[in-house]
Structures are given as C-alpha cells and as structure tokens.
Amino acid sequence: MYEKLFTEHNIGPVTAKNRIVFEPMGNYYAELDGSVSKRDIAFYAERAKGGCGIVMTEVASVNSKTGRGNLRNICTDDDKFIPGYKEMADEVHKYGSLLFVELYHPGCQGIAPINGGSMASPSGQESNLIHMPTHEMTVEEIKATVKDFVDGAVRMKKADVDGVVLHAAHGYLLCEFISTYTNHRTDEYGGSIENRVRIIKEIIEGIRKECGDYPIIIRFSADEYMREIGIEGGMVLEDAVEMAKLFEQYGVDAIDVSSGNYETMNWAWEPTGFDEGWKMKNAETIAKAVSVPVIGCSVIRTPEGAMEFLDRGVQFVGSARQFFADPDWGNKVKEGRVCEIRKCISCLNCMESLMVANEDNGIRAQCTVNIEGGDEITYLPLKEDGAGRKVLILGAGPAGLEAAVVAARRGFAPVIVEKDSCIGGQLNLANKPPKKEKITWLIDYYQAMLDKYNIKVCLNTEATFDLIKSENPYKVINAIGSSPVLLGAIKGLDQPFIITPPEVLSGKCKLSGKNICVVGSGMTGIETAEFLQDQGNNIELYEMADDIGPGLFFQNLIDVMGRLAPGGCKFFPKHQLISVSEHEAKFKKTDTGEDVTAKFDNIVISLGTKSNDLDEEIKKNCPEVISVGDASKSGRIRAALEDGYKAAISL
C-alpha cells in the first residue's frame, strides 16, 4: 500500500534509500562555539535509524561572527568543525541514510547582539517580528557571503557529508534576496527575478567550482503568504515556478519547497489550525515545472498524506516535527505498524521551547509527545530491568499512560486503574474545541501501546487503599489529575448558571443561542470560548491581565484568535471578576478602577485547575507513592508526559 515511499531515488550523484526526508529544524543542541555536539549526533542518528532516507540538519551558520541563529546552532566557517560533522555523517550512514547540512545566514531575522550589533540584509529592512538593527549589504559583503556559503560546502564535503541545502526559505538572508518584500535593490542583485536569485546562482557556481559534482539542494519559500497579513508583495507561487526553473538551470540537484517567513510564521511553522496537506499545491506545481526531484512538506503526519504527495508527482516527502515526535515513523509504516505512530499534534512546543532557549541557556527544543526527542543521549537505550514487577498506576490520563508505556518498555508489569470509562483523562476534553482533533491522535497512540504491551487497564474503578493492598504492587504512581478552580473569594460562583470548561467540553452542559461570558483567557478559556461560539452562542471573553491570552505562545494565540474574532467574540482585558449574582457579573477594570456590570445567560469560569486529592487512607499508608502530572502540579501535556516518563525510568 505504501511501497512507493520505500523506493530509492537519486539526489544528483547520491541515492536515497526511500522518499522520507527529515527536514531541518532548529534545536539548540550544538556546543557554544558552534561545534556539533554528542547530543546532535544522537538526535540525527535516531532519525536515520527510524527510517528517514535523508536526514537534514538544523541551520548551519556559514559565518559564526555575523550569522548565528542563536547561541547554540552549528556552524561551518572553521576547519575545527569538520570532525564533528564527520562523526555525525558516520552515524547517519550506519543506517543507510544520507546526511545533508543546511547552510544559512539569518539576515535581518538574526539576533543583532550576538552578531556584531547589526544584521545584514539586501535592503536594510528590519523584521517586523524581532526588530533588530539592520543594514543594507554592500556588493563586497554579498561577495564575501557567497564565499562563506561555498567554503561551508567545501568543509562539508571534507567531512563526508552527502550534500548541502542552501536555505532560501522562511525570511532568512537568501530568502530576503529573492523576495520582493525585502529586496528593493536597484543593482544587479535586485529588481528582476534573475537579479534577485543572482546571489544563489553565484553560490551554486562557486560550490560546483570547488566541489565538483557535489549534491546541492535549494530550499525556498514558494509563497510567503504576505497577503494573509494584509501586505502586498513577497514570494508568490507564480514567481517561485520561474525561480525553480532557474535553480535547475544553475545546477541544483533537488528543490525543497517550503513557505512563509517570520512575519507570516503561522504559514511556515503551522499551529493546529492548519490541516494536513494544506499547501501541497506549491510543491506539486513546482514539480510539474522542473525535472530535478522536488521535496514537499505540508504538515504531513500520516502515510496516506505522504502517499498523496508522491501521487501528485512530488518525489520526496518531508517533515521536521513529525519525525521529531516519532523518529520511527518510517520503520513503523514499512513494517505495517501504522497504528503505533506517535503523530505530532501541532502544539508548537518545539518552536516555543526553541525561542525560550535564546533567553535561557538551560532550555533546548523539546517535543510535547516525545520526551526522548533531543535527549536520546540521556535516555536511550532504556534499561530493561523491570523483571515483571507490578507497578500500579492510578489514573489513565497522559501522565499515567506515559508512565505505563515506559514502565512496560523496561519490562515492568504496569496495571492502570481509571475511575472513568475510557483512557485519556483531560485529553478527552482538549480534543473537543475546533481544530483540536489532533489530540485524539495521542489517545489513539496510547491505546495502541496498551495493546502492544498487553497493559492491564481497569476502567470504572476508583483508586482505594484496599485495591492497592489487593494488587500488592512494587510501586504506586499517582496520576489522578486535577479539577477546575472556583475561587472562593468570588461571591456567587455556586449558582447553577455558573459552569466550567469540562462541563462544556464534555457535553454535560450543552448550550446554543445563549449570551455567554467566559472568564479567563488561558488556552483552556479561549478554546472553550471558540467551542461555544462554534455551537452558535454569543461570547464575551474577560481577562484580568492587560492582554488576552497572557503567557500563551503567540503563534497558538494568533491561530485561535484568528477564528474567534471573525466569529463575533468580544474581548475585555483588564477586567477582574468581583462577584456574580442572578445572571449578572460584576467586574472591576484594573487600569481605572471602574465597576462594570454585564448580564449573561451563563458564565464559564476558566481560572485554572488544582490537583485532585489522593484518598487519605492511601496517603497515610503508602508514603512512597510517586505523584505525576496534574496530580503533582497542574501543567500542559508536555509536563504531564515528562513527569510520567521520568517516574517510569526512576523505578
């Protein structure tokens, strides 16, 4: 059924064992001097081992003094870096995969303080996202940058890396040259399409002169989707087709089609609101216009989605986040274990953690659903020393499920006790708002793992001390979750028209045609508001903080707000709920102290959660119970899974 995915195909003089490509993604794993780290090597090797025919690295800066993406991205501008790339290539080659290194310069999207104080760009135009000091490049600077790219390729060839990727996507320097949004030059590097791609032409010619028949892939944004944010100009597909023809003429061996830039970030690194395959047309159109192989990406999560790409004439299927979430995707598809795939849920924790890493050197890019991702060197291989000892897990939410699966992988015999009639815990609420059905994939994955490891699950069963005594487990893990907070200081919250997000999302309280106030604009609050709006209600969203969505990752907030606002939802930041009376809410404006009163049919209180209390008899008689997830501290899915994982490896 998926045989074509596993056929060979050439990239210039080299042959990929299949059509699966791990696309580049920043990770913050490198050494501080830009050297490849042991963590890097383990990370990329795991993707090769898992079945990716081509493995591409994160951005590799061709100039570590003026072109760093962050304090821990790999670099190529010194011979001292060659041994690290050689070791990485050797590890990837062990699994029959190809390694390509992505050469790049961030341009105006770089961080000026770590790059000499001013970022180079074609026309001196700063990024409207990060607003760093920027200057227009001289022709001499352009020529020097061309040489930096060529020198980087020379070093990669010396390191036995199979080829290089020229990063002309996502608003970075080469993308800035080819885009009319950022290139306003009037010399030979601006104006016509031929002039805007001239810097890339010179890089390709330089690599060919120095490296001969060495594989070169060009990765570029076929559409920057500037129109989606109300701006004319930028890369559009029509121009991209003409550029692709020129790239082929100049001698590239393959074309990797992406989209977006920092200012249209949601069209480059898509949040959950984007469906699988939404931009297949871009790669398909370019594939019809050229004869070199085309690599396409489009939020691919399933083998069916990958096959559709190939059926449309695209030669390779790429993803970064899916193979971050599950490096064994390729092997699972090939071996008929599709139900075991751990799909990326498009939560963007990888992007959020990468951005935080720029500010906190202790953080690295991390995946919500794959705790081992990026920490392979720490966790793998797992010790298999469980010896069949029983581990009793109280609760089948995400923390409990992860603990059970990892314990089973280690050879323990986990038993899950769950008071509800199904597994998943609060995932069964998180998957209800519009565009959040991807959360169901995570529930499905855990069900497949429970089946694979024959993990016993006792549904509709309360966790009691008598049950623990009867099971006589080696260890007990408490994963009983949390419940909504209703602040006692606010008068009137005990009235029947006051409801909580779980009551709404579970379907226990069904509302339509009502005027509803949602108090609290965390992710649960705004997603509950969207759910209710989608059910035909009029929504007003109130928040005590200065802005709606305090603390939320901006991409996810933009995604939800982009649907909430057009649907008619009204927003009231700086409004603190004081009291509730009969269908009436009283607020105090935090900036002026003014009292505001509004009437509603229902009021939804979304002010966070608190850990559920463990049975007193259990707490008294089982002092060594390990509490994980929301049972320990309320948090997001990643925190719950990490708690469960670490509890299981600590056994």
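Keep in mind that this is a model prediction, so the values were computed, not measured.

Peer 1: Would you explain the overall build of the protein in this entry?
Peer 2: Across its full length, the protein holds 22 helices and 27 strands. In terms of overall size, the protein behaves like a compact globule, its C-alpha atoms giving a radius of gyration of 26 Å where 651 residues would be expected to give roughly 26 Å. With respect to the principal axes defined by its C-alpha atoms, the protein has extents near 75 × 65 × 45 Å. Contacts spanning at least 24 positions in sequence make up 69% of the contacts within the protein whose residues lie at least 6 apart. A total of about 24800 Å² of accessible surface is found on the protein, and carbon and sulfur atoms cover 49% of it. Of the side chains in the protein, 71 bear a positive and 94 a negative charge, and the two mean positions are spaced by 3 Å.

Peer 1: Before we go on, may I ask you to explain the sheet that holds strand 8 (residues 163-168) in this structure?
Peer 2: Whenever strands of a sheet pair, they do so through backbone hydrogen bonds, lying parallel or antiparallel. Spatial strand order, 3-4-5-8-9-10-11-12: eight strands in a closed barrel with parallel pairing. Each strand axis lies, on average, 25° off the axis of its neighbour in the sheet, ignoring direction. Across the sheet, helix 1 (residues 38-49) is in contact with strand 3 (20-22) and strand 4 (54-61); its angle to strand 4 comes to roughly 155°. Against the sheet, helix 7 (residues 237-250) contacts strand 9 (216-221) and strand 10 (254-258), and its axis sits at roughly 170° relative to strand 9.

Peer 1: Which parts of the structure should I look at to understand the pattern of salt bridges?
Peer 2: One side chain can pair with another of opposite charge once the charged atoms of both are near each other. In total, this model carries 44 salt bridges according to the counting rule given. When the shortest N-O distance is used, the salt bridge between aspartate 420 and lysine 419 registers 3.5 Å. On the accessibility criterion, aspartate 420 (36% relative accessible area) is partly exposed. The structure contains a network of salt bridges with shared partners spanning Glu23, Glu102, Arg219 and Asp256.

Peer 1: How should I be thinking about the side chain of aspartate 223 in this particular structure?
Peer 2: Mapping aspartate 223 onto the fold places it in the loop between strand 9 and helix 7. With a relative accessible area of 4%, aspartate 223 lands in the buried category. At 2.7 Å, the side chain of aspartate 223 forms a polar contact with the side chain of arginine 227. Dropping the residues within four chain positions of it, aspartate 223 is found in contact with Met235, Val236, Leu237, Ser258, Ser259, Gly260 and Asn282.

Peer 1: What is the right way to read the environment of alanine 159 from this model?
Peer 2: Residue position: alanine 159 is located in the loop between helix 3 (139-158) and strand 8. Separated by 72 residues in sequence, alanine 159 and glutamate 87 have C-alpha atoms that sit 8.2 Å apart. Apart from residues lying up to four places away in sequence, alanine 159 is in contact with Ile82, Tyr85, Lys86 and Ala89.

Peer 1: What exactly am I supposed to notice about the pairing of strand 13 (residues 390-394) here?
Peer 2: Regular strands place their side chains on alternate faces of the sheet. Buried residues dominate strand 13, accounting for four of its five residues. Running through helix 14 (residues 398-409), the crossover from strand 13 to the neighbouring parallel element strand 14 (residues 413-417) is right-handed. Both strand 13 and strand 16 (residues 475-478) contribute to a ladder of four bridges, which runs parallel. Within strand 16, the residue paired with leucine 392 across the bridge is valine 476.

Peer 1: Looking at this structure, how should I read the packing of aromatic side chains?
Peer 2: The geometry of an aromatic ring pair comes down to the distance between the two centres and the angle between the two planes. One pass over the structure, following the stated rule, counts 21 aromatic pairs. Both rings, one in tyrosine 29 and one in phenylalanine 43, keep their centres 5.3 Å apart while their planes meet at 75°; by these two values the pair is edge-to-face. Of this pair, tyrosine 29 sits in the loop between strand 3 and helix 1 while phenylalanine 43 sits in helix 1, placing them 14 residues apart in sequence. The two residues tyrosine 29 and phenylalanine 43 agree in class, both being buried. Cluster of aromatic residues (ring-pair linked, three or more members): Phe22, Tyr29, Phe43, Tyr44 and Phe324. Across from the ring centre of tyrosine 474, 4.4 Å away, lies the NZ or CZ of arginine 389, which sits over that ring. Geometry around tyrosine 474 places lysine 475 over its ring, the cationic atom sitting 5.6 Å from the centre.

Peer 1: Honestly, the packing of helix 14 against helix 22 (residues 637-649) in this entry has me stumped. Any pointers?
Peer 2: Helix packing for two helices is described by the angle between their axes and how far apart those axes are. Direction vectors running N to C along helix 14 and helix 22 enclose 30°, while the axes themselves pass 7 Å from each other. Comparing their axes, helix 22 and helix 14 come out roughly parallel. Crossing angle aside, the handedness with which helix 14 passes helix 22 is right-handed. Contacts between helix 14 and helix 22 involve Pro398, Ala399, Glu402, Ala403, Val406, Ala407 and Arg409 on the former and, on the latter, Ala640, Leu641, Gly644, Tyr645, Ala648 and Ile649.

Peer 1: For this particular structure, what's the right way to read the packing of helix 19 (residues 523-534) against helix 20 (residues 554-564)?
Peer 2: Remark: helix 19 packs on helix 20, axes separated minimally by 10 Å, with the N-to-C direction vectors making an angle of 25°. By the angle between their directions, the pair helix 19 and helix 20 is classed as roughly parallel. The interaxial crossing formed by helix 19 with helix 20 has left-handed handedness. Residues Met523, Ile526, Ala529, Glu530 and Gln533 of helix 19 form the contact with helix 20, whose participating residues are Asn556, Leu557, Val560, Arg563 and Leu564.

Peer 1: How should the nonpolar core be read in this particular structure?
Peer 2: Here is a general trend for soluble globular proteins: nonpolar side chains tend to be buried in one another's company. Judged by nonpolar contacts, the single largest core of 149 residues is most densely connected at Leu5, Tyr85, Leu166, Ile200, Phe220, Ile255 and Ile286. When sequence neighbours within four positions are dropped, the list of residues in contact with isoleucine 286 reads Phe220, Ala222, Leu237, Ala240, Val241, Ala244, Ile255, Val257 and Val294. Formed by 21 residues, the second largest nonpolar core is a distinct cluster that contains Ile499, Val518, Ile526 and Leu552.

Peer 1: So what exactly am I meant to see when it comes to the sheet that holds strand 27 (residues 626-627) here?
Peer 2: If you trace the five strands from one edge of the open sheet to the other, you get 15-14-13-16-27, paired in parallel fashion. Looking at the sheet topology across the chains shown, the edges are occupied by strand 15 (456-458) and strand 27. Here strand 13 runs beside strand 14; their pairing, made up of five bridges, is parallel. Within strand 14, the position partnered with isoleucine 393 by the bridge is isoleucine 416. Sitting on the sheet, helix 14 touches strand 13, strand 14 and strand 16, and the angle it makes with strand 14 is about 165°.

Peer 1: Would you explain the pairing of strand 10 in this entry?
Peer 2: When you tally the buried positions in strand 10, you get five out of five residues, the bulk of the element. Residues of strand 10 alternate between two faces, with Ala254, Asp256 and Ser258 on one and Ile255 and Val257 on the opposite face, all of them buried. For strand 9 and strand 10, the ladder comprises five bridges, and the chain directions are parallel. By the bridge assignment for strand 10, isoleucine 218 is matched with isoleucine 255. In this view, the connection linking strand 9 to its parallel neighbour strand 10 by way of helix 7 has right-handed handedness. In terms of strand pairing, strand 10 meets strand 11 (residues 294-296) through three bridges, oriented parallel. Bridged to isoleucine 255 within strand 11 is valine 294.

Peer 1: Just checking my understanding: could you explain the environment of glutamate 308 for this structure?
Peer 2: Looking at the element boundaries, glutamate 308 is found in helix 9 (residues 303-311). A relative accessible area of 35% places glutamate 308 in the partly exposed class. Through-space distance from the C-alpha of glutamate 308 to that of methionine 280 is 8.9 Å; in sequence the pair is 28 residues apart.

Peer 1: Whenever I open this one, helix 20 confuses me. Can you help?
Peer 2: Residues lying three or four places apart along an α-helix face the same way, a consequence of the helix completing one turn every 3.6 residues. Of the positions making up helix 20, those classed as buried are Gln555, Asn556, Leu557, Asp559, Val560 and Leu564. Buried-residue contacts for helix 20 involve helix 12 (349-357), helix 19 and strand 21 (570-572).

Calculation rules
- All residue numbers refer to position in the chain's written sequence, counted from 1.
- Per-residue local features of the predicted model are confined to residues with pLDDT of at least 70, and side-chain atom pairs are confined, for both listing and counting, to 80 or more; whole-chain, interface and lining totals are unaffected and use all residues.
- Water and hydrogen atoms were dropped before computing side-chain values, which therefore reflect all heavy atoms in the structure.
- Segments assigned H or I by DSSP are reported as helices when at least four residues long, segments assigned E as strands when at least two residues long, and all are numbered from the N terminus.
- The globule rule is 2.2 Å times the number of residues to the power 0.38, and the radius of gyration it is compared with is taken over C-alpha atoms.
- Whether two residues are in contact is decided by their heavy atoms: any pair within 4.5 Å suffices.
- Here, Shrake-Rupley sampling with a 1.4 Å probe gives the accessible areas, and only protein chains in the shown set may cover a residue.
- A positive count includes Lys and Arg, and a negative count includes Asp and Glu. His and the chain ends are not counted in either.
- We put the charge of a Lys on NZ, of an Arg on CZ, of an Asp on CG and of a Glu on CD.
- Strands were regarded as paired on the criterion that DSSP finds at least two bridges between them.
- Only the contacting stretch of a helix is used when fitting its axis, a line to C-alpha atoms as for every element, and angles between N-to-C directions run 0 to 180 degrees.
- Note on definitions: salt bridges are taken to be side-chain nitrogens of Lys or Arg within 4 Å of carboxyl oxygens of Asp or Glu.
- With a 1.4 Å probe rolled over the protein chains alone, any residue whose accessible area is under 20% of its type maximum counts as buried; one over 50% counts as exposed, and the rest are partly exposed.
- Two N or O atoms count as a polar contact when they lie within 3.5 Å, although within protein this holds only if one can serve as hydrogen donor and the other as acceptor, and sequence-adjacent residues are included solely when both atoms are side-chain atoms.
- Clockwise travel from the first strand over the helix to the second, with the strands pointing away from the viewer, marks a crossover as right-handed.
- In this analysis, rings of Phe, Tyr and Trp, with Trp reduced to its six-membered ring, are considered paired at centre separations within 6.5 Å, and the interplanar angle assigns stacked below 30 degrees, edge-to-face beyond 60, and tilted for intermediate values.
- Only when the NZ of Lys or the CZ of Arg is both within 6 Å of the ring centre and within 35 degrees of the ring normal is a charge said to sit over the ring.
- By the definition adopted for this analysis, an angle is roughly parallel if under 35 degrees, roughly antiparallel if over 145, roughly perpendicular if from 65 to 115, and oblique otherwise.
- Two helices that cross are described as forming a left-handed crossing if the nearer one is turned anticlockwise from the farther one by less than a right angle, and a right-handed crossing if clockwise.
- To form a nonpolar core, buried Ala, Val, Leu, Ile, Met, Phe, Trp, Tyr and Cys residues must be joined to one another through side-chain atoms within 4.5 Å.

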